[in-house]
Amino acid sequence: MRKFFISIALTTALMASAQARWNQTYQQYIDQYKDVAIEQMQRYGIPASITLAQGIFESGAGRSELAVKANNHFGIKCNGWTGRRSYHDDDERGECFRAYDNAYESFEDHSKFLAERQRYRGLFNLKRDDYKGWARGLKAAGYATNPQYADRLIELIQLYKLYQYDKAKDYDKFLFGHAKSQPSNGQALHAIKVFNKNYYLIARRGDTFKSIADEIGISYRKLAKYNERDKRDRLDEGEIVWLKKKQKKAPKDYKGRLHYVRNGESMYTIAQNYGIRLKNLYKMNHLSPDYQIRVGDALRLR
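Residues numbered from 1 in each chain as written. Predicted model: local features only at pLDDT ≥ 70, side-chain atom pairs only at ≥ 80, totals over all residues. Heavy atoms only, no water.

A. Fine view of the pairing of strand β4 (residues 198-202). The element β4 is largely enclosed, with a buried count of four among its five residues. Direction of pairing for strand β3 (residues 193-195) relative to β4: antiparallel, over a ladder of three bridges. Pairing of Val194 across the sheet is with Tyr199, part of β4. Of the pairings in the sheet, the one linking β4 to strand β5 (residues 240-242) comprises three bridges and is antiparallel in character. What sits directly across from Tyr200, in β5, is Trp242. (Buried < 20%, exposed > 50% of the residue type's maximum accessible area, 1.4 Å probe, protein only. Helix = DSSP H or I, 4+ residues; strand = E, 2+ residues; numbered from the N terminus. Pairing = 2+ DSSP bridges.)

The following block contains the structure:
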């Protein structure tokens, strides 16, 4: 019996430790770039899990100075490089690193870097789902000087279940295309999320429909229209911004469920939260557009 309780306590401690290591920023990076990693896997044969784990580890999930200023997600230095350059301290001061116009170019160059070098050639004989072999092979071939490099990649792959992407047959073309966008104002690209058969992002301080539209590559007039707003409207930090026309109803799993109005909510903010067109939210609930909702009102979502 004592062994049983010890086992339970150990399991609980390990789960708590794993949760402590889990990082929302890392998950956002995965959501943003998994489709690029899958596309690269299909073209070059590098497991998507390895590409994502290296991207997270080398770039601090896209937050490092090198990633933000030079779009370099994999720490690749200038050896043999004729393109733009960026200088940062690494093993030595002021080392030369490759610079790219966008994140996609970094992912593409990383794939070519591995595929075209003799020292990594043996890795391509491994099975696509052998992420442990790839991680250890990269370390053995000298990709990084960190003695724990392979262990850190494996830990990331297992903690975030990145191995699931090694079996992917297809990828999301919209999210894939977003990685080709050019970041503005020295900031990383917005993380794009998916809900109710649509895409959305969370506005940051200083965002406008124009700045977001330029990043996504669509008309800012259309973007404002998708969000049922005037193109000149200010965006508040934390607002949801939908990137395509919203749906008429909430997802199917909301059937029979009600939304109870909370303090500070409006019909518009509720519609935005669920990705529903405002006029359809009124229509579903048999309300006129001039109805003033009250805290506690129950609203149908589909």
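After presenting the structure, the write-up continues.
B. Examining the nonpolar core more closely. One finds Tyr33, Ile50, Leu114, Tyr120, Leu138, Tyr143 and Leu162 to be the most contacted residues of the largest nonpolar core, which totals 48 residues. Elements supplying a minimum of two residues to this core: α2 (24-44), α3 (48-59), α5 (103-115), α6 (131-140) and α7 (149-159). When residues of this core are assigned to their parent elements, the largest contribution, seven residues, is made by α2. When sequence neighbours within four positions are dropped, the list of residues in contact with Ile50 reads Tyr131, Trp134, Ala135, Leu138 and Ile157. (Core = buried A, V, L, I, M, F, W, Y, C linked by side-chain atoms within 4.5 Å. Contact = heavy atoms within 4.5 Å.)

C. Quick look at α7. Residues of α7 that are buried include every one of Tyr149, Ala150, Leu153, Ile154, Leu156 and Ile157, and no others. For α7, the angular spread of the buried residues around the axis is 160°, confining them to a single face. In this structure, the buried side of α7 is in contact with α2, α3 and α6. Downstream of α7 by a residue or two, Lys161 has a phi angle that is positive, lying close to 55°. (Arc of directions from axis to C-beta.)

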